[in-house]
Amino acid sequence: MQKWLMKNRNRLTAITGILIVLAFAAKWLFKSETAESGLLLAASLIGGFPIAASAWQALKVKVISIDLLVTLAILGAFVIQEFEESAIVAFLFLFGAYLEQRTLAKTRSAIKKLVEMVPETALRQTADGDFEEVDLDDLDEGDILLVKTGGKIPVDGEVVSGSGTANEASITGESMPLGKKPGDPVYAGTILENGTIRIKAEKVGDETTFGKIIELVEEAQDSKSQAERLIDRFSKYYTPVVLLLAIIVGLISQDLELAVTILVLGCPGALVIGVPVSNVAGIGNGAKQGILFKGSEVITKFSKVDTIMFDKTGTLTYGNPRVSQVKKYGQGQLAEQLLVSVEKESAHPLAKAITGYYEDLEAKEVEASQVLQGGGIVAQVAGQQVLVGNRYLLDQYHVPVTKEMEKDMEELASAGNSLVLVAVNGQLELALGLKDEIRAGVKEDLVALKKLGVKNLLLLSGDNQKTVDLVAEELGLTEAYGQLLPEDKAEFVKKRQAAGEIVAFVGDGINDSPSLARADIGIAMGSGTDVAIETSNVVLMNGSFDRIPRDLALAKATRRNMIENITIALAVVAVLLVSVLASSWMNMAIGMFVHEGSILVVIFNAMRLLAYRSKLQKSRKLIENNFSQATGPYTKGSESIQ
């Protein structure tokens, strides 16, 4: 019976409304009070039954729900033979629930649109070279797939032949199409706007970037923030208090109608729905822009952030460095060949820059290698020990450094280079200087963060202190610290938290994972590693730095919207209860009408968040115009934590 009632609840709502209209028609057109009473009685029963069933289900698990208050109000109206009141209360409650359900579905439209962008089938190459249409569930890694103009890309993979342009808005939030050619990556859920390509599947199903986006957004929208849990606990005790108040008022006043009216007016529906609908709308808005919040609690905490720490490479910079200078000592040529051999085994941005610079050198076989986090790589190549990394790595292996070498390192660092040192069999052979380009618009974005209330902007990097200082001075950061190991960065986060600061950390690499996990809010650039993305609280899917101030502004707007909804809900309940006790015009029908109206008000207020992106875009020009006045003082950091 319960399942049938839930399934047909909307139909019962419609029937209840129709019966009420017929009842009024019978009274005013046909002057038949008997027909009116009969129709209103039927409407009360049909509308009240599903409400009573929901109340009973809640009581079975020892919960006094809003449905119980409304059920008692309907029964009370029956007892005093106010069938008009009971019918209207039942209809308004059911109709309000219907509108609430429909409106909430709209705020969850981000999920619906994301799911709709996943194709159900794909064209897979067969053994004879033809292509057959298969279900998405039948795809495996390594399959060759054909995507034609206008088609949806079904997997994460790499283009093996053909060319075209793809719209990756579902992944990055950017609508500008990107050119695709052999060797370029493609992502499930994106659209090939023109051209024809063949791709090799690397990730399928839930393992694709798109599948993870859907999973993250679903989990986030289903999670509850601290405010929501507080409201749930409040409602758990509030509802019995209203019931007790109605009983006390009824006993003192001997006015059953007044007691029943209090039951109706005291329903905290808007209060219960106000917080989650704000969070759902905020998460949905972020998902459309390529910003993934991992839960509503993340939004609340992020809105209060006062300190943001940044990694340098791949975060403040593009992560595409180039070799600018090379200093050679001793066996320079052999060392270069050994360096290339080691770096071809690595996916680090600096490694890619070095192999690109020495693209004509033939690599030797690497017999063994080990990564020293925060230091570099120790490898065995052609029977020789090769160290590739920073000064910390050389110190760990006691590699001697002459005054000339020290001077060279100083010059490279002073010019803003990142240093890569190469030692062979315990002797320093090469010192390479690599420069990375700062992301366009980062200055303006940092100013935007300051305008949004972030007091401290810190740069934490494993790079040398002089390079870090140059970047910090150029960007107007408040503090900067270089030559840090991953554990040093995490310790920085811990110390600032202990000082009472709410800390966010922005990074993209494996070495950033401890800090991302330790921070109150970890923000991963979507172009970074899977480990960084997994350990973070917020993911910027296209790795665009300008998403960070948008992200923070959206979090603040969502929290502000949530507070507005709580205020509206509490104010309406207070006004209704005062009105019923202090005036003669308030009754159950009017009270329920206002009550259901307040639910719609908080829902529509929350839905304003779905269009919040345009406001952020309008503010960007203002930020750019005021950059020169907003940059603050910069404090040079020390080379170690003391």
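This text goes with the structure placed above it.
Residues numbered from 1 in each chain as written. Predicted model: local features only at pLDDT ≥ 70, side-chain atom pairs only at ≥ 80, totals over all residues. Heavy atoms only, no water.

Chemist: Quick question: what am I supposed to make of the sheet that holds strand β11 (residues 366–372) here?
Modeler: Pairing between sheet strands relies on hydrogen bonds along the backbone, with the strands arranged either parallel or antiparallel. Taken together, six strands build an open sheet; the order of strands is β10-β15-β14-β13-β12-β11 and the sheet is antiparallel. Where the open sheet ends on each side, the last strands, each with one partner, are β10 (322–328) and β11. Within this sheet the neighbouring strands show an average axis-to-axis angle of 20°, counted without direction. The pairing of strand β13 (residues 384–389) with strand β14 (residues 418–424) spans four bridges and is antiparallel. Opposite G389, over in β14, you have L421 as the bridge partner. Strand contacts of helix α15 (residues 349–357): β10, β14 and β15 (427–435), with the helix running at about 70° to β10, the strand carrying the most contacts. (Pairing = 2+ DSSP bridges. Helix = DSSP H or I, 4+ residues; strand = E, 2+ residues; numbered from the N terminus. Axes fitted to C-alpha atoms, helices over the stretch in contact; angles between N-to-C directions. Contact = heavy atoms within 4.5 Å.)

Chemist: Hey, could you run me through a negative patch on the surface in this one?
Modeler: On the surface, a cluster of negative charge is contributed by E120, E133, D135, D137, D138, D140, E141, E158, E202, D206 and E207. If you trace the backbone, E141 turns up in the loop between β2 (131–135) and β3 (144–147). Classification of E141 by relative accessible area gives exposed; the value is 59%. (Patch = residues over 30% accessible without salt bridge, like charges linked within 9 Å, V, L, I, M, F, W, Y side chains within 5 Å. Areas by Shrake-Rupley, 256 points an atom, 1.4 Å probe, with all protein chains shown as cover. Salt bridge = Lys/Arg side-chain N within 4 Å of Asp/Glu carboxyl O. Lys, Arg positive; Asp, Glu negative; His and termini not counted. Charge placed at Lys NZ, Arg CZ, Asp CG, Glu CD. Buried < 20%, exposed > 50% of the residue type's maximum accessible area, 1.4 Å probe, protein only.)

Chemist: Would you mind showing me how to read the pairing of β13 here?
Modeler: Moving residue by residue along a regular strand, the side chains alternate between the two faces of the sheet. Among the six residues that make up β13, five are buried, leaving the element largely enclosed by the rest of the structure. Relative to β13, strand β12 (residues 376–381) is paired through six bridges, and the arrangement is antiparallel. Opposite Q380, over in β13, you have Q385 as the bridge partner.

Chemist: Quick question: what am I supposed to make of the nonpolar core here?
Modeler: Grouped burial of nonpolar side chains is what soluble globular proteins tend to show. Counting residues in hydrophobic clusters, the biggest one holds 41 residues, and the most contacted among them are F293, F302, I308, F310, L316, L446 and L449. With six residues, the single largest contributor to this core is helix α23 (residues 547–582). By size, the runner-up hydrophobic cluster in this structure holds 33 residues, among which are I66, V89, V242 and V264. (Core = buried A, V, L, I, M, F, W, Y, C linked by side-chain atoms within 4.5 Å.)

Chemist: Is there a simple way to think about the pattern of salt bridges in this case?
Modeler: Where charged atoms from two side chains of opposite charge approach closely, those side chains can pair. Following the criterion strictly, the structure yields 13 salt bridges and no others. In this structure, the salt-bridge partner of E501 is R496, at a minimum N-O distance of 3.1 Å. Judged by its relative accessible area of 14%, R496 is buried. Two residues, R550 and D546, come together in a salt bridge whose shortest N-O distance is 4.0 Å. Connected via shared salt-bridge partners are R124, E132 and D143.

Chemist: I tried to follow a nonpolar patch on the surface on my own but got confused; where do I start?
Modeler: Side chains of W585, I590, F593 and V594 sit close together on the surface and give an oily, nonpolar patch of about 410 Å² of accessible area. With respect to the helices and strands, V594 occurs in helix α24 (residues 588–607). Given the relative accessible area of 33%, V594 is considered partly exposed.

Chemist: Please clarify how the side chain of T355 should be interpreted in this entry.
Modeler: Mapped onto the elements of the fold, T355 is located in helix α15. With relative accessibility at 19%, the residue T355 sits in the buried group. For T355, the side chain forms a polar contact with the main-chain oxygen of K352, separated by 3.1 Å. Apart from residues lying up to four places away in sequence, T355 is in contact with V340, E343 and K344. (Polar contact = N/O pair within 3.5 Å; in protein donor to acceptor, adjacent residues only side chain to side chain.)

Chemist: It is not clear to me how the pairing of strand β1 (residues 121–125) should be interpreted in this structure. Could you clarify?
Modeler: Burial of the side chains of β1 is restricted to one face: A122 and R124 are buried, whereas none of T121, L123 and Q125 on the reverse face is. As paired strands, β1 and β2 are joined by five bridges and run antiparallel to one another. Bridge pairing in β2 places Q125 opposite F131. Taking the residues between adjacent antiparallel strands as the criterion, β1 and β2 are bridged by five residues, where G129 takes a positive phi near 95°.

Chemist: What am I meant to see in the packing of aromatic side chains here?
Modeler: Ring pairs (aromatic) are described by centroid distance and by the angle formed between their planes. Under the counting rule described, the total for this entry stands at four aromatic pairs. Consider the rings of F91 and F95, whose centres lie 5.5 Å apart with planes at 10°: the pair is stacked. One end of the pair is F91 and the other is F95, both in helix α5 (residues 83–107) and four residues apart, which spans about a single turn. On the basis of relative accessible area, F95 is assigned to the partly exposed category, the value being 33%. (Phe/Tyr/Trp six-rings, centres within 6.5 Å; stacked < 30°, edge-to-face > 60°.)

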